[in-house]
Amino acid sequence: MHELGVVIEVVKTVENVAVENNLTKIEKLVLQIGELSSMIPKYIESCYPVAVDNTILQDTKLEIEVMPGNGMCKSCNKVFNIKEYNGVCPYCDSKVWELLSGKEFIIKEIVAY
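Residues numbered from 1 in each chain as written. Predicted model: local features only at pLDDT ≥ 70, side-chain atom pairs only at ≥ 80, totals over all residues. Heavy atoms only, no water.

- Under the annotation held in an unreviewed UniProt entry, the protein carries the name Hydrogenase maturation factor HypA and is attributed to Terrisporobacter othiniensis.
- We quote the UniProt Function (unreviewed entry) comment for the protein here in full: "Involved in the maturation of [NiFe] hydrogenases. Required for nickel insertion into the metal center of the hydrogenase."
- Under the UniProt heading Sequence similarities (unreviewed entry), the note attached to the protein is "Belongs to the HypA/HybF family." (UniProt positions renumbered as here; feature names shortened; annotations may be inferred.)

1. Points about the state of the cysteines
Then comes step 1: Applying the stated criterion to the full structure yields zero disulfides.
Then comes step 2: No disulfide involves C89; its nearest neighbouring cysteine sulfur is the one of C76, lying 3.6 Å away.
Then comes step 3: For C89, a relative accessible area of 1% gives the class buried. (Disulfide = S-S within 2.5 Å. Buried < 20%, exposed > 50% of the residue type's maximum accessible area, 1.4 Å probe, protein only.)

2. Considerations on the UniProt feature "binding site: Zn(2+)" (unreviewed entry) in the protein
Then comes step 1: When the UniProt feature table is mapped onto this chain numbering, "binding site: Zn(2+)" (unreviewed entry) sits at C73, C76, C89 and C92. The greatest C-alpha distance among the residues just named is 8.7 Å, despite their covering 20 residues of sequence, which places them together in space.
Then comes step 2: Checked against the element boundaries, C89 lands in the loop between β4 (79-81) and β5 (97-101).
Then comes step 3: Setting aside chain neighbours within four positions, we find C89 in contact with C73, C76, F80 and S94. (Helix = DSSP H or I, 4+ residues; strand = E, 2+ residues; numbered from the N terminus. Contact = heavy atoms within 4.5 Å.)

3. Overview of the environment of N21
Then comes step 1: Along the chain, N21 turns up in the loop between α1 (3-20) and β1 (26-34).
Then comes step 2: For N21, the side chain forms a polar contact with the main-chain oxygen of V17, separated by 2.8 Å. (Polar contact = N/O pair within 3.5 Å; in protein donor to acceptor, adjacent residues only side chain to side chain.)

4. Looking at the sheet that holds β1
Then comes step 1: Taken in spatial order, the three strands of this open sheet run β2-β1-β6, and their pairing is mixed. Here the strands that pair on one side only, and so sit at the sheet edges, are β2 (61-67) and β6 (105-112). Direction aside, the axes of adjacent strands within the sheet are offset by 20° on average.
Then comes step 2: For β1 and β2, the ladder comprises seven bridges, and the chain directions are parallel. Bridging from a neighbouring strand, L29 pairs with L62 of β2.
Then comes step 3: Helix-sheet contacts for α1 involve β1 and β6, and the interaxial angle to β6 is about 40°.
Then comes step 4: Sheet strands in contact with helix α2 (residues 41-52) are β1, β2 and β6, and its direction is about 170° off that of β2. (Pairing = 2+ DSSP bridges. Axes fitted to C-alpha atoms, helices over the stretch in contact; angles between N-to-C directions.)

What follows is the structure in structure tokens.
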């Protein structure tokens, strides 16, 4: 499970942001994870408590937004969900598309008080 290592790096990044901005308490951390990324949201959630133990994020609420894996068909120029349609355009049956979204792993928001 490589998610733990990634979450530990996220915690370090957020801690650095907190220090740079004189934040003493983080209330919520919002991550955006693309449905086509190698990160599995439920694994991120399960390893989060271990990664934040004894850090400024210890009592922080984690929120995960799953971003759709969308592509644009190069044959008909329509946008469709790559995962839902197994990489085949539902409009023209083409398998040639350009990835628009879905590989993200982003720290979207740090809510502090």
